[in-house]
Amino acid sequence: MAHRNIFRRSRNISVMIAVFMLVLTGCTYPSGEKVFQPTESPDTRPAEDASQMLSIAVETMEHADVAQKFWYSGWVASHIQKRQVNSMFDGVVVRPHGYLVNARVNANPYRYYKWDDHYYLYTEKSGWVKLEKEEVPMDPLAGFEWWQPFADRAVRLPDEPILSKNCRVYQIEANGQEWVELSANPLFEEIRSRVQETDGMEHILQNTTVKMTLWIGDESYTREQVEDWAAKNDVDTDNQEELDQWIERNRLIWNEAEQVYKHHLIYQYETWINMPVPSAGYMDQQTFFRFYKFDDPGIKMKSPAEMEAYLDDEA
Amino acid sequence: MSKLLSFSKWILFAVYLYFTYHLLVTPLILDLSYLGIILVSGSLLLLIGTIPRRYRRQVLVFGILFLLMDKSFYNMDKAEWSVWLLVLGAIPVILLVAGIGKWYGKLPATALVALIVAALLTIPLMPRNEVPLLSHFMKKWTSEPLYTGKMFDYFPLAVQDVNGDGKDEIITLGNVDETEPLAEGEQEDKDYRLPTEPIYLYVLAWNGKAMERLDEDSYDPNEIGNRLPKDDPGFPYYVWSDNALRPTISRQELAEGMLQFGTAPFRAMALNIENISEQLKQSGGVLDAADQLEHGNGFHDIRIENGNVSGYIHDHYFELPTTATTIVDGIRLPEGKEGLLLLGNDLEILTHDSEGNPVISHRLTRQMLKNVAASEFSVADADGDGADEILVSSSYSRIFKPLTGGEWDILWTATDTNFRFEDVASISDTNREELISLSESEVIIHPDRFHLRFLTGYEYDPEQGLKRNWRSFISLINVRAGDIDGDGDNELVASIYKTHRIYVLERHHLPVQATLLITTIILAGYAITRRIRYGAS
């Protein structure tokens, strides 16, 4: 009996060895489907209201009570051939005081904290360090209006929910050279002289394309919902004037057709830059930000005094 | 004496286990996934069954503890701890293993000593990440990390004959000879800019025993530096100038600037322009230039400048408007025509008509191939018909064949998004050119996040696709083939991601895996015979 078992095992061993050798001696990688892979173009339609919606959304983000604090997360990802360089940012904004940034640049993490006139930066090597002054002032909404000169060419993409919030999707495409020339902003004013001074840079910009997509919230609130909301914000809803002022400040816009108030926060913002790079083809660079959990009671930032304690710890 | 013999036997067992685990067991699982796990488990149960009962626990405990201990020491070594920290880390591991081995495994003292000695010796002699190489290669030489900083994960690498001595040299970048490591606790940058990283050209040549850095006076650094594949580490936050990668922004400005959310793409564009204009200043506005092409044909002295590509087809000068930025290589087209492969937003082949005028004969557009920007292109005659194909490495790796009349044929497409062609050279004893590639295993270790690619040699077969000649389950990057030692056979030069170590690998033709398998069979046969003769006790 024992002998028979052993022989059966020997046979099993032979089978295993055969499979083993088959695996180790070679395999093939058959081809997948031999077809070109076209890039799909989305359905678009003209968007005459793009300029107006951009302004409304920026104003809503600027003034609405709910937009005074929120979470954000985003990145700049540059793809040049096999090299991909990312910078990533996430954290919270608490207006008008400050923000916290958990950042990575080129896969190296660091953190940045701002509260009023207090600025701290953390790297693994240095720990938390106090900085003297800020280099770029806090202004989370800066830059959105810089797209206004191109709003007349915007198109509307199919509506899309972002984190279950229904959004209107607007897209603007521009050539790199006209983007730099027409966009009235201090950053590009500085850069224009550099472009003119550098042989070949204009050709680079002529062949650059930029495509910006903005997801603007399109949420509806009934009159009752708005009154509840206002009441939660200590508004005396029996006082029509006070209520109207609050509605006005929060940019809640009455839609007669649907008999609801509309609210237009910015939920997502993405820009692709396709740009020639010397000796390395063209770069695809994505700048992406998402804004979420508006007015989240969980948003808490340490006070500067608490940050100072970190410095003492480090010391 | 008997103790020495016992110690030796346990050491031998550890050596056998170590190589079998990394060269037979792991490849089987990585290649066959669940089937591999079933096969390995089945074989293991069978083998355990052949061990006499009174030794079974000892052998199992020894095997498991040895593999775990080796992994633990390897991780500690990889963490680049100081010597004291290493000693402090190793002591509890040794005590724990010795405790389990002695009280649960009932291992004799000689086995415990063998267990610890073997696990400690693997790190200096043959660390576990290098063992998979042995299936087809011998490690001929390994460098120390050539770069001492933390900002960059890898640098480009080329293998070419720099000094005309008939041997290929390794060209890469580093700074280990030039920079002093920062002292413990020293701050890297007091002004919180990103650190400036001095980076120098490293040309390494074989001196008969090891690779040695060539004296910079013995070559023209500009000319040799241009042979490196163009790379933009840290773009747009870093730009090359004067032997250094210099930051274009500080951490503070980057964080504060990005928190003006609407300005983020404008700031990215401003950095792009700053970076690219610095590159253009250094090149005098030339986007790319090549005197000779690797797949040399009639095209030479090519330049891309001011929206034109110019150069010579044999002795005939040509100039043509282009949006391309990059000269990829020369290419042999069907019917003996010569082409020049150019990369811009599209991939184009420039050739000449019957009157010698330059024309674009083929174009692969972004509409035909996704992810052109993140792709790399190389030229090789994969099907051996005398005309070249284009190997595309990206998340959509493919082999394209230019046909007459501007048409394309797709010879092969990858079915996973991680496959990459690295080089084309003869590595096997067949003397036929192989597509040296990095391909993923059947086992996806971390879906969507972390794909290990393994070194594989393929040949193209029109019927079957890519036929695998060999595979070593080691995850390498920047793999290049070249005759480093001048013996007429190609070696492989490569690096491991983020280590900045260069490996020179020599192909051997020893049946390593078959030998291990046969050893296992003989041992199993011996154990089975013993069991038949003496029974399970």
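Note that the coordinates shown come from a computational prediction; the quantities given were computed from them, not determined experimentally.

Q: Would you mind showing me how to read the interface of chain B and chain A here?
A: For interface size, the figure often reported is the accessible area lost on association. Each side of the interface is counted separately: chain B has 106 residues, and chain A has 101 residues. For the pairing of chain B and chain A, the buried interface totals around 9700 Å² over both sides, and the portion due to carbon and sulfur atoms is 65%. Our count for the chain B to chain A interface comes out at 3 salt bridges. Across the pair R366 of chain B and D284 of chain A runs a salt bridge whose closest N-O atoms are separated by 3.0 Å. For the interface between chain B and chain A, the tally reads 40 residue pairs in polar contact (both at pLDDT 80 or more). Of all the elements, helix 8 (residues 264-283) of chain B adds the most residues to the side of chain B that touches chain A, at 15 residues. For the side of chain B that touches chain A, a count of residues per class yields 53 nonpolar, 29 polar and 24 charged. Two elements, strand 1 (residues 28-29) of chain A and strand 24 (residues 465-472) of chain B, share 2 bridges in a ladder whose sense is antiparallel.

Q: Quick question: what am I supposed to make of the confidence of the model for chain B here?
A: Caution applies to low-pLDDT parts of the model: their predicted coordinates are not meant to be read in detail. With 95% of its residues at a pLDDT of 70 or more, chain B shows a mean pLDDT of 90. Across the interfaces of the predicted complex, the ipTM metric reaches 0.92, alongside a pTM of 0.90.

Q: Teacher, can you tell me more about the sheet that holds strand 12 (residues 316-321) of chain B here?
A: Pairing between the strands of a sheet is mediated by backbone hydrogen bonds and can be parallel or antiparallel. Residue and element names in this part refer to chain B. With respect to topology, 4 strands assemble into an open sheet ordered 9-10-11-12, the strand pairing being antiparallel. In this open sheet, the two strands that pair with only one neighbour each are strand 9 (286-290) and strand 12. Adjacent strand axes in the sheet meet at a mean angle of 10° when their direction is disregarded. Pairing between strand 9 and strand 10 (residues 299-305): 4 bridges, direction antiparallel.

Q: Just checking my understanding: could you explain the packing of aromatic side chains for this structure?
A: Here the structure, examined in full by the defined rule, presents 49 aromatic pairs over all chains. Ring geometry for W147 of chain A against F266 of chain B: centres 5.0 Å apart, planes inclined by 55°, an arrangement best described as tilted. Here W147 of chain A, found in the loop between strand 8 (127-131) and strand 9 (155-162), pairs with F266 of chain B, found in helix 8, and the two come from separate chains. With respect to class, W147 of chain A is no different from F266 of chain B; both count as buried. Ring geometry for W412 of chain B and F421 of chain B: centres 5.9 Å apart, planes at 65°, overall edge-to-face. On the basis of relative accessibility, which here comes to 6%, the residue F421 of chain B falls in the buried class. Aromatic ring contacts, followed pair by pair, group F70, Y72, F89, Y267, F289, F291 and F294 of chain A together with F261 of chain B into a single cluster. Cation over ring: K102 of chain B sits above W103 of chain B, and NZ or CZ is 5.9 Å from the ring centre. Over the face of the ring belonging to Y202 of chain B we find R213 of chain B, whose NZ or CZ atom lies 3.5 Å from the ring centre.

Definitions and limits used
Residues numbered from 1 in each chain as written. Chains lettered and ligands numbered in written order. Predicted model: local features only at pLDDT ≥ 70, side-chain atom pairs only at ≥ 80, totals over all residues. Heavy atoms only, no water. Contact = heavy atoms within 4.5 Å. Buried area = accessible area lost by both parts, 1.4 Å probe. Salt bridge = Lys/Arg side-chain N within 4 Å of Asp/Glu carboxyl O. Polar contact = N/O pair within 3.5 Å; in protein donor to acceptor, adjacent residues only side chain to side chain. Helix = DSSP H or I, 4+ residues; strand = E, 2+ residues; numbered from the N terminus. Nonpolar A, V, L, I, M, F, W, Y, C, P; charged D, E, K, R; others polar. Pairing = 2+ DSSP bridges. pLDDT = per-residue confidence, 0-100. Axes fitted to C-alpha atoms, helices over the stretch in contact; angles between N-to-C directions. Phe/Tyr/Trp six-rings, centres within 6.5 Å; stacked < 30°, edge-to-face > 60°. Buried < 20%, exposed > 50% of the residue type's maximum accessible area, 1.4 Å probe, protein only. Lys NZ or Arg CZ within 6 Å of the ring centre and 35° of its normal.

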